[in-house]
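Observations on the model geometry
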Amino acid sequence: MEIEGVQVKGTFDVQKFFDTLAMILSQKYGVTITVKVSKKEDERLEQEKQVV
């Protein structure tokens, strides 16, 4: 995942980031928000090629 102007050193837990954002927005607006992060199809295919 690339976000313009953001640089991450080390690892970045994307699921945890969006879970936290969902929790903040859920509390602010009094609703339940859930998030599921998944990889793009192209990235999945590339990883599968590397494994084989």
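Preceding this paragraph is the structure being described.
Okay, so let's go over this structure. (Residues numbered from 1 in each chain as written. Predicted model: local features only at pLDDT ≥ 70, side-chain atom pairs only at ≥ 80, totals over all residues. Heavy atoms only, no water.)

What about the overall build of the protein?
When its secondary structure is counted, the protein shows 2 helices and 0 strands. Residues classed as buried in the protein amount to 4% of the 52 residues present. For the protein, the computed accessible surface area is about 5,300 Å², with 54% contributed by carbon and sulfur atoms. (Helix = DSSP H or I, 4+ residues; strand = E, 2+ residues; numbered from the N terminus. Buried < 20%, exposed > 50% of the residue type's maximum accessible area, 1.4 Å probe, protein only. Areas by Shrake-Rupley, 256 points an atom, 1.4 Å probe, with all protein chains shown as cover.)

Structural notes on the environment of D13
Residue position: D13 is located in the segment before α1 (14–29). Looking at D13, its side chain comes within polar contact range of the main-chain nitrogen of K16, at 3.1 Å. (Polar contact = N/O pair within 3.5 Å; in protein donor to acceptor, adjacent residues only side chain to side chain.)

What to know about the environment of D19
Tracing the backbone shows D19 in helix α1. Since its relative accessible area comes to 36%, D19 is described here as partly exposed. In this structure the C-alpha to C-alpha distance between D19 and K36, which are 17 residues apart in sequence, comes to 8.5 Å.

Some points on the packing of aromatic side chains
For the coordinates displayed, the defined rule picks out 2 aromatic pairs. Aromatic side chains F12 and F17 sit 5.7 Å apart centroid to centroid with 45 degrees between the ring planes, which places their arrangement in the tilted category. Given a relative accessible area of 41%, F12 falls into the partly exposed group. Taking the relative accessible area as the measure of exposure, F17 reaches 38% and is therefore partly exposed. Between F17 and F18, the ring centres sit 5.0 Å apart and the planes meet at 80 degrees, which makes this aromatic pair edge-to-face. What makes F18 partly exposed here is its relative accessible area of 23%. Every member of this aromatic cluster is reached through a ring pair, and the members are F12, F17 and F18. (Phe/Tyr/Trp six-rings, centres within 6.5 Å; stacked < 30°, edge-to-face > 60°.)

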